[in-house]
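Summary of the model geometry
Chain by chain, the residues:
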Amino acid sequence: MTAYLPAARLRRAAFVGVLFAGLAVTGTGCGADQDEGTNGVGKLSADQIEDKAKAAAGAAASVHLSGTLVSGGKSFALDMRLGKDGGSGEVKSQEDTFQVLRVGEQLYLKASAAFWGKSDSAGKLGDKYVKVPESDPTYKQFRGFTDMHVLLDGLLGLDGKLAKADDYTKVGHTRAVLVTADKGKGGKLSVSLEGTPYPLRLERAGGAGQVELAEWGKTFPLEAPAQDQTVDYGTQMPTTKDQGGGGPGPSPSPTPGKGSGQGSNPTK
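Residues numbered from 1 in each chain as written. Predicted model: local features only at pLDDT ≥ 70, side-chain atom pairs only at ≥ 80, totals over all residues. Heavy atoms only, no water.

Quick look at the environment of Arg175
- Along the chain, Arg175 falls in strand β9 (residues 174-181).
- Relative accessible area serves as the criterion here: at 25%, Arg175 is assigned to the partly exposed category.
- Separated by 15 residues in sequence, Arg175 and Ser190 have C-alpha atoms that sit 9.2 Å apart.
- Sequence-distant contacts of Arg175, that is, excluding residues within four places in its chain, are made with Gln34, Glu36, Thr38, Tyr168, Thr169, Lys170, Val191, Ser192, Leu193 and Glu194.
- For Arg175, the side chain forms a polar contact with the main-chain oxygen of Gln34, separated by 2.9 Å. (Helix = DSSP H or I, 4+ residues; strand = E, 2+ residues; numbered from the N terminus. Buried < 20%, exposed > 50% of the residue type's maximum accessible area, 1.4 Å probe, protein only. Contact = heavy atoms within 4.5 Å. Polar contact = N/O pair within 3.5 Å; in protein donor to acceptor, adjacent residues only side chain to side chain.)

Right, here's the structure in full:
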């Protein structure tokens, strides 16, 4: 029996060694600095973190914005790539889906043939980009969806006393610090802890939607559609299914208007 004692003791010693090694690792983890390897933004106050995120967004050249906005009882799904010289993407409402494209100051709108239902040439407009004149109300209504800074200025403000979460989170694969307003009732903003402190996710106050902000500074193609895919009516837009003329009136403008009280603004 004595011949087996050394082996048994060795096994017990190995077990105890592994156990204490595990405890040592656990103890080290508990005392680790969660800010190690971050950009340091998490150490700032909630108000300072919001300011940093707004400054980073304001200085950015481009962003991919996607998510849902709720306004006036209507839900709008956005998937837009936005830059300083324009933007492109899709805006969906419960009634229609629009492809929106702006290159410089020229705006193009693509909608289904059903949207142009009262137009004599509605059948020719489905899946075509209609050149929108600046004098038409449609221009102001849809331009805001392609304007990076108009959208961001309207979206990024939180409403109420700000606080930051003690524990960090992740948006996708990126570590982030969460800032809440009025204990979350006034919105929530997740800000990157890696590299530039860009805003990564915004949950709007009152359940008014959530948007993801990604691919900051990434270039994307932005050019006018081919001539055979474009219809130009000059200064007069074709009649839509909802109006006697003047473009798609029911679609709200995302242009922020502080204190306007208008429920049709999806960023308010």
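Some thoughts on helix α2 (residues 46-59)
- In a regular helix each residue adds 1.5 Å, so 14 residues correspond to 20 Å; α2 covers 20 Å between its end C-alpha atoms and thus fits that length.
- Among all positions in α2, only Ala46, Ile49, Glu50, Ala53, Ala56 and Ala57 are buried. Seen from one end, α2 has its buried residues packed into an arc of 130 degrees, which puts them on one side.
- Tucked into the core, α2 has its buried residues touching α5 (148-155), β7 (162-164), β9, β10 (188-192) and β11 (199-203). (Expected span 1.5 Å × (residues − 1). Arc of directions from axis to C-beta.)

Things to note about the pairing of β10
- Burial of β10 is extensive: 4 of the 5 residues sit out of reach of the surface.
- As paired strands, β9 and β10 are joined by 5 bridges and run antiparallel to one another. Directly across from Val179, in β10, lies its bridge partner Leu189.
- Linking β9 to β10, which pair antiparallel, is a turn of 6 residues; within it Asp182 sits at a positive phi near 50 degrees.
- Pairing of β10 with β11 involves 4 bridges; the strand directions are antiparallel. Bridge assignment links Lys188 to a residue of β11, and that residue is Glu203.
- Between β10 and β11, which pair antiparallel one after the other, the connecting turn spans 6 residues, and Gly195 there sits at a positive phi close to 65 degrees. (Pairing = 2+ DSSP bridges.)

Observations concerning the nonpolar core
- Core analysis: the largest hydrophobic core is formed by 52 residues, its most contacted members being Leu65, Leu78, Trp116, Leu152 and Trp216.
- Take this core: its biggest share by element is 5 residues, from α2. (Core = buried A, V, L, I, M, F, W, Y, C linked by side-chain atoms within 4.5 Å.)

Re unusual backbone geometry
- Although it is not a glycine, Asp182 sits at a positive phi angle of roughly 50 degrees.
- A relative accessible area of 40% places Asp182 in the partly exposed class.

Observations concerning α5
- Of the positions making up α5, those classed as buried are Met148, Leu151, Leu152, Gly154 and Leu155. For α5, the arc enclosing every buried residue in end-on projection is 165 degrees, short of the 170-degree limit, so these residues lie on one face.
- Contact partners of the buried residues in α5: α2, β1 (62-71), β2 (74-83), β11 and β12 (209-214).
- Sitting at the amino-terminal end of α5 is Asp147, which places a side-chain oxygen 3.2 Å from the backbone nitrogen of His149.

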